[in-house]
Amino acid sequence: MKTLYVSDLDGTLLRSDETTSEYTNHTINTLTAQGMLFSYATARSLVTAKKVTRGLNAHIPVIVYNGAFVMEHLTGEIMIANYFDDTIQDVFTELFRKHVYPIVYSYINGVEKFSFIEDKCTSGMRMFLDSRKGDIRTNAVSSTEALTQGSCFYITCIDKPAVLEPLYEKYKDTFHCVYQKDLYTKAQWLEIMPKSASKSHAILQLKELLGCDRLVVFGDGKNDTDMFDIADERYAVANAVDELKEKATAVIESNHEDGVARWLNTNFPLLKSVSLTVPRRNSIPS
């Protein structure tokens with residue numbers, strides 16, 4: 001029986017300083033070399049996820065952009081992709097009508113970019129963009145036409161709750177929407193993704209791709225609820241919200257105490273080394 005282990009990143013695998021500890025890195029690198037099938041699932045891009053997990057050198061599949069993509073951690077190869085269809089243009093029209101000009105993630109001529117209109121940024125957007133200075137994906141544009149070019153897979157709106165909550169209510173049943181305050185800046189975010197893009201859906205896609213029979217997950221926040229709902233075993237770190245603890249198989253040590261890595265080190269059985277090389281599905285659009 002093959003088991004897939006999946007951990008949330010921020011607040012779960014990461015400590016509050018946005019890093020994985022030396023212990024966590026060593027544990028995951030060692031256990032995956034022994035055959036553990038492990039992935040992390042995050043709202044981050046692969047670019048920023050790799051920065052905060054720089055000590056992980058294992059060839060593992062990871063779920064990024066809240067499930068929009070499954071990518072190989074070290075090479076960046078896209079294994080599974082979930083893009084918007086043409087109906088997203090109606091969403092853009094409504095956002096612009098409400099004077100909301102989001103950060104838009106797309107592949108433009110085969111290159112990943114996040115686009116934004118410089119003079120339409122809210123203060124929350126500027127905090128986010130300041131944290132991404134020097135990012136090669138940065139694409140400042142001057143028009144809504146340029147903002148919506150390429151193959152779009154993720155939209156981030158950062159504004160006041162009074163502006164964003166009605167949009168969340170309007171689109172939450174049509175798309176996969178995450179409406180919450182940012183863990184670090186406390187700014188209000190509304191993230192809009194294709195319906196097929198969620199942690200739980202991407203995990204099920206990956207589970208099938210790897211031929212796994214069981215699923216064990218780790219998390220800390222409300223946005224981890226969907227992957228808890230599909231798991232055979234679910235573990236909440238000690239710093240998790242009460243709602244998630246109530247769903248958990250058990251509560252483990254906190255993210256500051258390397259709870260996930262310590263659980264894996266204790267519970268993962270030694271297996272024969274297996275390859276994580278898997279077929280690519282859905283290439284980057286040209």
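The rules behind the values
Residues numbered from 1 in each chain as written. Predicted model: local features only at pLDDT ≥ 70, side-chain atom pairs only at ≥ 80, totals over all residues. Heavy atoms only, no water. Axes fitted to C-alpha atoms, helices over the stretch in contact; angles between N-to-C directions. Helix = DSSP H or I, 4+ residues; strand = E, 2+ residues; numbered from the N terminus. Left-handed = near helix turned anticlockwise from the far one by under 90°. Contact = heavy atoms within 4.5 Å. Nonpolar A, V, L, I, M, F, W, Y, C, P; charged D, E, K, R; others polar. Pairing = 2+ DSSP bridges. Buried < 20%, exposed > 50% of the residue type's maximum accessible area, 1.4 Å probe, protein only. Salt bridge = Lys/Arg side-chain N within 4 Å of Asp/Glu carboxyl O. Phe/Tyr/Trp six-rings, centres within 6.5 Å; stacked < 30°, edge-to-face > 60°. Lys NZ or Arg CZ within 6 Å of the ring centre and 35° of its normal. Parallel < 35°, antiparallel > 145°, perpendicular 65-115°, else oblique. Expected span 1.5 Å × (residues − 1). pLDDT = per-residue confidence, 0-100. Polar contact = N/O pair within 3.5 Å; in protein donor to acceptor, adjacent residues only side chain to side chain.

Our focus in this paragraph is the packing of helix α2 (residues 22-33) against helix α11 (residues 259-267). Running from N to C, α2 and α11 point in directions that differ by 35°, and their axes come no closer than 9 Å. In this structure, α2 crosses over α11, and the sense of that crossing is left-handed. Contacts between α2 and α11 pair Tyr23, Thr24, Thr27 and Leu31 from the former with Ala261, Arg262, Leu264 and Asn265 from the latter. Residue classes in the contact of α2 with α11 are distributed as 4 nonpolar, 3 polar and 1 charged.

Turning our attention to the sheet that holds strand β7 (residues 111-117). The strand order across the open sheet built from 6 strands is β8-β7-β6-β9-β11-β10, with neighbouring strands paired in mixed fashion. Looking at which strands have only one partner, the edges of the open sheet turn out to be β8 (138-141) and β10 (176-181). Taking each pair of neighbouring strands and ignoring which way they run, the sheet shows an average axis angle of 25°. Alignment of β7 against β8, held across 4 bridges, turns out to be parallel.

So, about the environment of Lys160. By the element assignment, Lys160 lies in the loop between β9 (151-158) and α7 (161-171). For Lys160, a relative accessible area of 59% puts it in the exposed group. Put simply, Lys160 and Asp90 are 70 residues apart on the chain and 22 Å apart in space, counted from C-alpha to C-alpha.

What follows covers the pattern of salt bridges. As enumerated under the stated definition, the model contains 14 salt bridges in all. For the salt bridge of Asp8 with Lys199, the shortest nitrogen-to-oxygen distance reads 2.8 Å. Residue Asp8 is found in strand β1 (residues 3-8), and its partner Lys199 is found in helix α8 (residues 199-210); the two are separated by 191 residues along the sequence. Its salt-bridge partner being Asp258, residue Arg15 comes within 2.7 Å of it at the nearest N-O pair.

This paragraph deals with the pairing of strand β6 (residues 103-108). Counting buried positions over the 6 residues of β6 gives 6, a clear majority of the element. Alternating positions in β6 separate into two faces, Ile103, Tyr105 and Tyr107 on one and Val104, Ser106 and Ile108 on the other, with burial throughout. Where β6 lies against β9, 5 bridges are found, and the strand directions are antiparallel. The residue of β9 that forms the bridge with Tyr107 is Ser151. Summarising the sheet, β6 and β7 pair through 5 bridges and their orientation is antiparallel. Within β7, the residue paired with Tyr105 across the bridge is Phe114. Between β6 and the antiparallel strand that follows it, β7, lie 2 residues; Asn109 among them carries a positive phi value of about 55°.

Okay, the packing of aromatic side chains next. Taken as a whole and assessed by the stated rule, the structure comprises 25 aromatic pairs. Cluster of aromatic residues (ring-pair linked, three or more members): Tyr65, Phe69, Tyr83, Tyr105, Tyr107, Phe114, Phe116, Phe128, Phe153, Tyr154 and Trp189. The ring of Tyr23 carries the charged tip of Arg262 above its face, separated from the ring centre by 4.3 Å.

Across the interface, helix α4 (residues 88-97) lies against α7 with an axial gap of 12 Å and an inter-helix angle of 155°. Compared by their axis directions, α4 and α7 come out roughly antiparallel. The chirality of how α4 crosses α7 is right-handed. When α4 is examined against α7, the residues Asp90, Val91, Glu94 and Leu95 are found in contact with a partner set consisting of Leu167, Lys170 and Tyr171. Across the contact of α4 with α7, the residue classes tally to 4 nonpolar, no polar and 3 charged.

Helix length check: α2 (12 residues) gives 16 Å between terminal C-alpha atoms against 16 Å at 1.5 Å per residue, within 8%. Residues of α2 that are buried sit in contact with α1 (9-13), β2 (37-41) and α11. Once α2 ends, the next one or two residues include Gly35, with phi positive near 120°.

Turning our attention to the confidence of the model for the chain. Any segment with low pLDDT has predicted coordinates that should not be analysed in fine detail. Per-residue confidence for the chain gives a mean pLDDT of 91, with 94% of residues at or over 70. Within the model, pLDDT remains below 50 along residues 271-286, and this stretch shows 39 contacts once partners closer than five positions in the same chain are excluded.

Turning our attention to the environment of Glu94. Considering the arrangement of structural elements, one finds Glu94 in helix α4. In terms of polar contacts, Glu94 uses its side chain to reach the side chain of Arg97, at 3.0 Å.

Backbone geometry at His99 places phi at a positive 65°, although glycine is not the residue there. Looking at where His99 falls in the secondary structure, it is placed in the loop between α4 and β6. Under the relative-accessibility criterion, His99 is labelled exposed at 60%. Even without being glycine, Asn109 reaches a positive phi, approximately 55°. Looking at the secondary structure, you find Asn109 in the loop between β6 and β7.

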